[in-house]
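Residue strings, one per chain:
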Amino acid sequence: GATIELEALTKRYPGSALPAVESVTLDIRAGETVILVGPSGCGKSTLLKMINRLIEPTGGRIRIGGEDVTDMDPVRLRRTIGYAIQASGLFPHMTVAQNVALVPKMLRWPAARVRARVEEMLDLVGLDPAEFHGRYPRQLSGGQQQRVGVARALAADPPVLLMDEPFGAVDPITRDHLQDELIRLQRELHKTIVFVTHDFDEAIKIGDRIAVLRERSHIAQFDTPEAILTH
Ligand code: ADP
Ligand code: ADP
């Protein structure tokens, strides 16, 4: 994994009176799972999108592994960060396999390795590759689409995972399995994971530390699940 350092990170959307995210400073250690919890609209998605450079901050800095993300070219960024979101973000005109293969192909992995990796990732998220690889996103349930989204985020084995309610539509048994897989990825492969959820049980289960956010992503508390539960 890599450290993630946010320094006075701020985003004010054009035309908004108040910033969506206001001066957030947060140090995330290499190889830890940090959970962001907080009310709807407090800026969690905005925060993750800024780290992933999908939107420009209006102030502050983001460093991953000590390097300013604005200095990373797009290929390096995709190699470093895996991103999975609630809405799955799959490309509708691409099959499941094409969606999962996206970043490995962009990184010019050999075709055989890409094919093997797509199978491995679909297995990991509990989708039979033979049944699912040729389907289009519209032929999947919401939960299955999310699982493909997670498979895609993990495909190129990035050291950093940004996940925005990635299991919201997944059935409880599969969700439990995916939570265990995420814990394993973090323990064995030392990935740095920033994970947004509304589910407090999920936060307690998978988080090394939990950031409790208020309006404009002000950090009310940043501590271990044990400490959060006793305070
Ligand atoms: P959360 O993920 O915690 O629900 P968001 O980051 O989605 O919060 O939103 C934070 C705030 O920014 C909200 O007030 C939301 O309405 C506003 N917001 C989000 N996206 C945009 C946008 N593209 N333009 C203007 N305001 C936005
Ligand atoms: P859920 O109730 O879990 O949301 P759906 O009712 O959407 O699931 O689908 C049930 C099953 O049928 C799933 O395994 C899904 O992949 C499959 N399925 C749904 N739509 C199609 C389709 N158009 N073509 C092939 N399989 C489909």
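The name recorded for the chain in an unreviewed UniProt entry is ABC-type quaternary amine transporter, from Streptomyces toyocaensis. In its Sequence similarities (unreviewed entry) section, UniProt records this for the chain: "Belongs to the ABC transporter superfamily."

(A) Broad picture of the site of ligand 2. The full set of residues close to ligand 2 is R135, Q139, S141 and Q144. Q139 is positioned with one of its backbone polar atoms (N or O) 3.3 Å from an oxygen atom of ligand 2. The separation between an oxygen atom of ligand 2 and a polar side-chain atom of Q144 is 2.6 Å. Considered on its own, ligand 2 offers 560 Å² of accessible surface; in the complex 34% of this is hidden by protein. For the shell around ligand 2, the class distribution of residues is no nonpolar, three polar and one charged.

(B) Representation of the environment of E165 in the model. Secondary-structure assignment places E165 in the loop between β7 (160-164) and α7 (172-189). On the basis of relative accessible area, E165 is assigned to the buried category, the value being 13%. Measuring from C-alpha to C-alpha, the distance between E165 and R147 comes to 12 Å, with 18 residues separating the pair along the chain.

Parameters at a glance
- Residues numbered from 1 in each chain as written.
- Chains lettered and ligands numbered in written order.
- Predicted model: local features only at pLDDT ≥ 70, side-chain atom pairs only at ≥ 80, totals over all residues.
- Heavy atoms only, no water.
- UniProt positions renumbered as here; feature names shortened; annotations may be inferred.
- Near = heavy atom within 4 Å.
- Polar contact = N/O pair within 3.5 Å; in protein donor to acceptor, adjacent residues only side chain to side chain.
- Areas by Shrake-Rupley, 256 points an atom, 1.4 Å probe, with all protein chains shown as cover.
- Nonpolar A, V, L, I, M, F, W, Y, C, P; charged D, E, K, R; others polar.
- Helix = DSSP H or I, 4+ residues; strand = E, 2+ residues; numbered from the N terminus.
- Buried < 20%, exposed > 50% of the residue type's maximum accessible area, 1.4 Å probe, protein only.

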